[in-house]
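Listed below, chain by chain, are the residues.
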Amino acid sequence: MAAYEFTVTVKTQYLEEQSDPSRSHYVFAYAISIVNSGTVPAQLISRHWVITDANNHVQEVRGLGVVGHQPFLQPGEQFEYTSGTSLNTPQGSMHGEYFCVAEDGEQFDVRIPEFVLSLPRTLH
């Protein structure tokens, strides 16, 4: 039986040099790793992000591909990219999904689990 599955992992980073807390502008980078953990070659077609700041302000982003690519992944293959977002608060979260199409025409969504965007904890 064919399995349609991508596994997504995320690492986040606060970009202090691009942020301006005095203007409520906090910039974060996120590095995404996508692995075709299924049994059928498939292509990532589009993305949908839900970005929420600490004031519960929600921003939705939809678009084709990721960073200008629509990667076609064989089973076991991996695609990595880094992107970013800015928030009006020092904390927030993101989640979403990728829309994919397998080589055999099957369409499926890949859930991106919620991850936290936060300033690093500082010790004084």
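Now for a description of the structure that goes with this document. (Residues numbered from 1 in each chain as written. Predicted model: local features only at pLDDT ≥ 70, side-chain atom pairs only at ≥ 80, totals over all residues. Heavy atoms only, no water.)

### Focus: the packing of aromatic side chains
Within this structure, the stated rule accounts for eight aromatic pairs. With a centroid separation of 5.7 Å and an interplanar angle of 90°, the aromatic rings of F6 and F108 are classed as edge-to-face. Separated by 102 residues along the polypeptide, F6 in strand β1 (residues 6-14) and F108 in strand β8 (residues 107-118) bring together distant segments of the chain. Note on accessibility: F6 and F108 belong to one class, buried. Ring geometry for W49 versus Y98: centroids 6.3 Å apart, planes at 80°, classification edge-to-face. Highlighted residues: W49 in strand β3 (residues 42-53) and Y98 in strand β7 (residues 91-102), separated in sequence by 49 residues. Residue classification places W49 among the buried residues on the basis of a relative accessible area of 2%. For Y98, a relative accessible area of 0% puts it in the buried group. Three or more aromatic residues joined by ring pairs make a cluster, and in this case those are Y30, W49, Y98 and F115. (Phe/Tyr/Trp six-rings, centres within 6.5 Å; stacked < 30°, edge-to-face > 60°. Helix = DSSP H or I, 4+ residues; strand = E, 2+ residues; numbered from the N terminus. Buried < 20%, exposed > 50% of the residue type's maximum accessible area, 1.4 Å probe, protein only.)

### Some remarks on the sheet that holds strand β2 (residues 26-36)
Spatially, β1-β2-β6 is the arrangement adopted by the three strands of the open sheet, whose pairing is antiparallel. The strands lining the two open edges of the sheet, one partner per strand, are β1 and β6 (78-87). On average, each strand axis in the sheet is inclined to that of its neighbour by 20°, with strand direction left out of account. (Pairing = 2+ DSSP bridges. Axes fitted to C-alpha atoms, helices over the stretch in contact; angles between N-to-C directions.)

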